[in-house]
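One-letter residues, chain by chain:
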Amino acid sequence: MRRGKVYLVGAGPGHPELLTLKAAQLLKTCDVVVYDRLIQEEVLALAKPSAERIYMGKPLGRHDSRQDEIHEILVAKAREGKTVVRLKGGDPFVFGRGGEEAEYLAEHDVPFEVIPGVSSALAAPMSAGIAVTHRANASSVSIVTGHEAKEDASRLDWAALAKMDTLVFLMGVKNCGKIAARLIQHGRDPQTPAAMVQMAFWHDEHVVTGTLQTIEARVKEAGIAPPATLVIGETVRLHDKLKRSDRDLRRRPDETHRFDPAPVPDQLFRIAVGGMGSEVLGFGLECRLFDRLEDGREARSLAADFGWDAQAAGEILESLVSLGLLEKSGDGYRNLELASRYLRADSPQSLRPMLLEQARQCAVWEDLQTYATRGPGGHLPEDACHAEACESLARFAAPAVVDKLNLPESSSVLLLGWGGAAYKSAVSNRWPGIRFEHHNPFEAGGADLKSGAVIPSPGPYGAVILSGLLASCGPGEVRRVLEEASGVLEAGGRLVLHDSFLPTGALPPPEVVLGTLARRTARGSCRGWSLERLRSTLEALGFDHPVTSAMPAGAVLVQALPAARAVPAAAGRTV
Ligand code: SAH
């Protein structure tokens, strides 16, 4: 097996143009990205669509570490033979625990390499026009953690720090007052200039200045929240002179600067459904859902708060996970960075009123409200539009899906779902004379699904292709169909799922997922099938490591082989 490797990569202070070329190149080629808070989406967008993105940040204000979990993921993914980019804000070895990660990898004999990044310790002052060294007044600079100001057993030598020309404190928002007090207590002039730089190089960068004496009050007044960097020293005076430097980097890249443009069908698709994107978000904002999700909450307990149906609550939360707004750990859901910072009503940086107003202007979510209170209403109603949509997507995708199929020539193929004719011709083009069977249990309102007549013959088959399964099934049905399909696979046979709108968090474009989910959820049958959820369902059925690839028009292809132990003895041909 290919040997995996972990790259501990510095992502810089957030702006994609401040990545190193090496970081960008690794992102474009890696199999897995493990990232934290404070990574801008433009940076993540550099990774190829099929790369697995694992978010390991913790919600704002939480201090319990997920470090052990991170270590285990890095080692596990590398041992699967994958190239893993562990993306860290700033420089990997400037705070942020990159050193520990490297040690762990070394101890576990996992190949690794560290790629430096632009540290916020230097970039945040710079962004505010502050040169941390200056011929006139700063010949030394110290980079210090702000976490230790409160502890009496602090390892920091405050008397020595008080004598440094420039001091840069990271993680110093909370203890800003204590830091200033300690320095004054150790002899630093209370009139020494100080600046706090919040979210340097992000579009909402904010700088406040003062002196050691006043900085705490200024920071509080301005509602500065982490991440922010505190700079202290005479050189801070430069801010007034240089703050007006007109830098491109402060602007967020606009459409013309977009990194990897989406393929054309995706763009069309985006245009076709973009307007519906507001529903789920508007609904969540209106009921202040995100305010309750700073700590992990279970769907059931949230449903009780709101008087919702528990299953519907679960589906709505899953949809928000798929969109990259929430994360799920165990049974609990909690805010990701984006939601925590901008969607909560009680966050200092809240954009809730504006977003809600926008959403109201382009969407209504009464259906969703009804769904939340009454719960899923059973099966999809017979709907010619839905059937035609599934059919056209399957027709569009069949050649590409079949092209990616890996099948021994002596096998046979069963297609369950949409696109029969297109799949038949693609399969027989590629493997002339192969046995191909087709049944669509999802058409005509899914009567066959209800009666249990899903599989036309006992097989065994080398591949069962499920086309449009997630888009067409009601609650409880997906798992049952997967179970039946895996029962007719020959030894070594594979399940192949091609689905429209299967949200992965990164694919397809979020507003597509959002719109589609809103529509399907409102119909009372949608399941917010995230890739994660599909993966755990497949694993429960004895499939290991499903492989995912991005397909055009917002679809995703998943191929899964049964784990070795789960292959039924001597059933059918051995591959
Ligand atoms: N390895 C990182 C630092 C991690 S510690 C680096 O080299 O930049 C996290 C601290 O970095 C935050 O508390 C804050 O003090 C600082 N920080 C990170 N991003 C920042 C930004 N965009 N603007 C200002 N400070 C930032």
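Residues numbered from 1 in each chain as written. Predicted model: local features only at pLDDT ≥ 70, side-chain atom pairs only at ≥ 80, totals over all residues. Heavy atoms only, no water.

### Things to note about the packing of aromatic side chains
Throughout the structure, instances matching the rule amount to four aromatic pairs. Seen from their ring centres, Tyr 35 and Tyr 55 are 5.4 Å apart, and the 70° between their planes marks the pair as edge-to-face. One end of the pair, Tyr 35, is in strand E2 (residues 32-35); the other, Tyr 55, is in strand E3 (residues 52-55), with 20 residues separating them in the sequence. Here Tyr 35 falls in the buried class, since its relative accessible area comes to 14%. With 5.4 Å between their ring centres and 25° between their planes, Phe 283 and Trp 308 make a pair best called stacked. In this pair, Phe 283 is assigned in helix H11 (residues 278-286) and Trp 308 in the loop between helix H12 (299-306) and helix H13 (310-322), connecting sequence segments 25 residues apart. (Phe/Tyr/Trp six-rings, centres within 6.5 Å; stacked < 30°, edge-to-face > 60°. Helix = DSSP H or I, 4+ residues; strand = E, 2+ residues; numbered from the N terminus. Buried < 20%, exposed > 50% of the residue type's maximum accessible area, 1.4 Å probe, protein only.)

### What to know about the pairing of strand E8 (residues 193-198)
Counting buried residues along E8, six of its six residues qualify, which places the element largely inside the surrounding structure. Judged by which residues are buried, E8 turns out to be covered on both faces: Pro 193, Ala 195 and Val 197 on one side and Ala 194, Met 196 and Gln 198 on the other are all buried. With six bridges connecting them, E8 and strand E9 (residues 206-211) associate as antiparallel partners. Its bridge partner lying in E9, Ala 195 is registered against Thr 209. (Pairing = 2+ DSSP bridges.)

### Quick word on the environment of Leu 122
Within the secondary structure, Leu 122 is located in helix H5 (residues 120-127). Here Leu 122 falls in the partly exposed class, since its relative accessible area comes to 43%. Distance from Leu 122 to Thr 229, taken between C-alpha atoms, is 9.5 Å for residues 107 residues apart in sequence.

### Re the sheet that holds strand E1 (residues 5-10)
Overall, parallel pairing links the five strands, which are arranged E3-E2-E4-E1-E5 in an open sheet. Sheet topology places E3 and strand E5 (112-115) at the edges, where each strand pairs with a single neighbour. Averaged over all pairs of adjacent strands, the angle between strand axes in this sheet comes to 20°, irrespective of strand direction. As judged from the six bridges shared by E1 and strand E4 (residues 83-88), these two strands associate in the parallel manner. Across the sheet, residue Leu 8 finds its bridge partner in E4, namely Arg 86. Together, E1, E2, E3 and E4 form the strand contacts of helix H3 (residues 67-79), whose direction differs from that of E4 by roughly 155°. Where helix H4 (residues 98-107) meets the sheet, its contacts fall on E1, E4 and E5, and the angle it forms with E1 comes to roughly 170°. (Axes fitted to C-alpha atoms, helices over the stretch in contact; angles between N-to-C directions. Contact = heavy atoms within 4.5 Å.)

### Looking at the sheet that holds strand E11 (residues 297-298)
The strand order across the open sheet built from three strands is E11-E13-E12, with neighbouring strands paired in antiparallel fashion. Edge positions in the open sheet fall to E11 and strand E12 (326-329), since each of these has one partner strand only.

### Notes on helix H1 (residues 21-29)
Within the span of H1, buried status applies to Ala 23, Ala 24, Leu 26 and Leu 27. With its buried residues spanning 165° around the axis, H1 presents them on a single face. Lining the buried residues of H1 we find E1, E2, helix H2 (41-44), E4 and E5. (Arc of directions from axis to C-beta.)

### Thoughts on the site of the ligand
Lining the immediate surroundings of the ligand are 18 residues, of which Val 94, Ser 119, Ser 120, Ala 228 and Thr 229 lie closest. The side chain of Ser 119 places a nitrogen or oxygen atom 2.7 Å from an oxygen atom of the ligand. Backbone polar atom of Met 199 to a nitrogen atom of the ligand: 3.5 Å apart, as the coordinates give it. For the shell around the ligand, the class distribution of residues is twelve nonpolar, five polar and one charged. (Near = heavy atom within 4 Å. Polar contact = N/O pair within 3.5 Å; in protein donor to acceptor, adjacent residues only side chain to side chain. Nonpolar A, V, L, I, M, F, W, Y, C, P; charged D, E, K, R; others polar.)

### Re unusual backbone geometry
Pro 227 follows Pro 226 through a cis peptide bond whose omega is 0°. Relative to the helices and strands, Pro 227 is located in the loop between helix H8 (215-221) and strand E10 (228-232). Unlike most non-glycine residues, Phe 201 shows phi in positive territory, near 70°. Tracing the sequence through the fold places Phe 201 in the loop between E8 and E9. Relative accessible area serves as the criterion here: at 4%, Phe 201 is assigned to the buried category.

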